[in-house]
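An overview of the molecular structure
Each chain, written out:
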Amino acid sequence: MSELPKIIQDLKRNLKYQQKLGMKGVTKTSNTLEQIRAEIGDCKRCPLCEGRKNIVFGVGNPNAELMFVGEAPGRDEDAQGEPFVGRAGQLLNNIIKAMEMERSDVYIANIAKCRPPENRAPLPNEAATCIPFLHQQIETIKPKVIVCLGSVATKYLLETERSISTSRGQWFEFKGIKVMPTYHPAYLLRNPDAKKPVWEDMQKVRDYLKSNI
Ligand code: SF4
């Protein structure tokens, strides 16, 4: 079946964010995001294409200073074609608000753009096939900070085997961009005690962004 309506939906979503920014937001940058989406097309480059309803490209401000990276779409995200829209997404929205920002200020994407079966983590070959698109998005958006949400995003973006409990709260770098790993919002839903360390991590990010305007 043609992916064209879904691609158009993604482009409209990006346009909506550009309009929020005013004409100043309609820049070469956002065109390039459109080009990346067009390059993905009706992707069948890895086996995750088989179970997906929608490719979840990413959403948000194409000129964002802050980017969140999760592991892969879940059921709600697959159904709606947008990352972090379920309960974990609500929690992420609250975290963003607590950082004195709006969801529309940031950019949100995943390591893999299609939903893995049974919500498992993307396998190494799937992540390796999909991650070049995320790299292109990062190069285009040029955020000042990337927050890796959870162990899977941290592992694949930073190419590390360190556990999230030892890497969270510390600064890393990806192609000259500061990276802060923290726990995934879905983990916080199961372990509310982890909200405190996440908030400590996000305060570091907020303070860094404020001091690097
Ligand atoms: S996960 Fe990425 S590489 Fe795999 S089919 Fe989806 S878009 Fe293509």
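Please refer to the structure placed before this passage.
Residues numbered from 1 in each chain as written. Predicted model: local features only at pLDDT ≥ 70, side-chain atom pairs only at ≥ 80, totals over all residues. Heavy atoms only, no water.

A short note on the overall build of the protein chain
Within the protein chain one finds nine helices and six strands. Here the protein chain holds 213 residues, and 54% of them are scored as buried. Per element, the accessible surface of the protein chain, about 10400 Å² overall, is 52% carbon and sulfur. (Helix = DSSP H or I, 4+ residues; strand = E, 2+ residues; numbered from the N terminus. Buried < 20%, exposed > 50% of the residue type's maximum accessible area, 1.4 Å probe, protein only. Areas by Shrake-Rupley, 256 points an atom, 1.4 Å probe, with all protein chains shown as cover.)

Observations regarding the pattern of salt bridges
Taken as a whole and judged by the stated rule, the model has 13 salt bridges. Put simply, Lys44 and Asp42 hold a salt bridge, and the shortest N to O gap is 3.0 Å. Among the residues examined, Lys44 registers a relative accessible area of 57% and is labelled exposed. The residue Lys175 makes a salt bridge to Glu139 at a minimum N-O spacing of 3.3 Å. Of this pair, Lys175 sits in the loop between strand S5 (172–174) and strand S6 (177–182) while Glu139 sits in helix H5 (residues 124–141), and the two are 36 residues apart along the sequence. Glu139 sits in the partly exposed class, given a relative accessible area of 45%. Overlapping salt bridges bring together Glu100, Arg206, Asp207 and Lys210 as one network. (Salt bridge = Lys/Arg side-chain N within 4 Å of Asp/Glu carboxyl O.)

Section: the sheet that holds strand S4 (residues 145–149)
Strand order in the open sheet formed by six strands is S1-S3-S2-S4-S6-S5, with mixed pairing between adjacent strands. A single partner strand is all that each edge strand has here, and the edge strands are strand S1 (59–60) and S5. Note: S1 against strand S3 (residues 107–110), two bridges, orientation antiparallel. Paired with Val59 across the strands is Ile108, a residue of S3. (Pairing = 2+ DSSP bridges.)

Details of the packing of helix H4 (residues 87–98) against helix H9 (residues 195–211)
Where H4 meets H9, the closest approach of the two axes is 10 Å, and the angle between their N-to-C directions is 45 degrees. Relative to H9, the element H4 is oriented oblique. In the packing of H4 onto H9, the handedness of the crossing is right-handed. Mapping the contact onto sequence places Leu91, Ile95 and Ala98 in H4 and Lys195, Val198, Trp199, Met202 and Arg206 in H9. The residue inventory of the contact of H4 with H9, partitioned by class, reads six nonpolar, no polar and two charged. (Axes fitted to C-alpha atoms, helices over the stretch in contact; angles between N-to-C directions. Parallel < 35°, antiparallel > 145°, perpendicular 65-115°, else oblique. Left-handed = near helix turned anticlockwise from the far one by under 90°. Contact = heavy atoms within 4.5 Å. Nonpolar A, V, L, I, M, F, W, Y, C, P; charged D, E, K, R; others polar.)

Remarks on H4
Two residues of an α-helix separated by three or four positions point the same way, owing to the 3.6 residues in each turn. Between its terminal C-alpha atoms H4 stretches 17 Å, which fits the 16 Å expected from twelve residues at 1.5 Å a residue. Those residues of H4 lying buried are Ala88, Gly89, Leu91, Leu92, Asn93, Ile95 and Ile96. Summarising the contacts, the buried residues of H4 are in contact with strand S2 (66–70), S3, S4, helix H8 (185–190) and H9. (Expected span 1.5 Å × (residues − 1).)

Quick notes on the side chain of His184
Mapped onto the elements of the fold, His184 is located in the loop between S6 and H8. Apart from residues lying up to four places away in sequence, His184 is in contact with Phe84, Ala88, Leu149 and Gly150.

A few points about the pairing of S3
Taking every second residue as pointing to the same face, both faces of S3 are buried, with Tyr107 and Ala109 on one and Ile108 and Asn110 on the other. Pairing geometry for S2 and S3, over four bridges, is parallel. Bridge pairing in S3 links Gly70 to Asn110.

Section: helix H6 (residues 151–158)
Burial runs high along H6: six of the eight residues are buried. Residues of H6 that are buried: Val152, Ala153, Thr154, Tyr156, Leu157 and Leu158. Taken together, the buried residues of H6 touch S2, H5, S4, helix H7 (164–167), S5 and S6.

Observations concerning the pairing of S2
The element S2 is extensively covered by neighbouring structure, given that five of its five residues are classed as buried. Both faces of S2 are covered, namely the face carrying Leu66, Phe68 and Gly70 and the face carrying Met67 and Val69. Relative to S4, S2 runs parallel, the two being bridged by four bridges. Within S4, the residue paired with Leu66 across the bridge is Val145.

Function-wise, these values are silent; they only describe arrangement.
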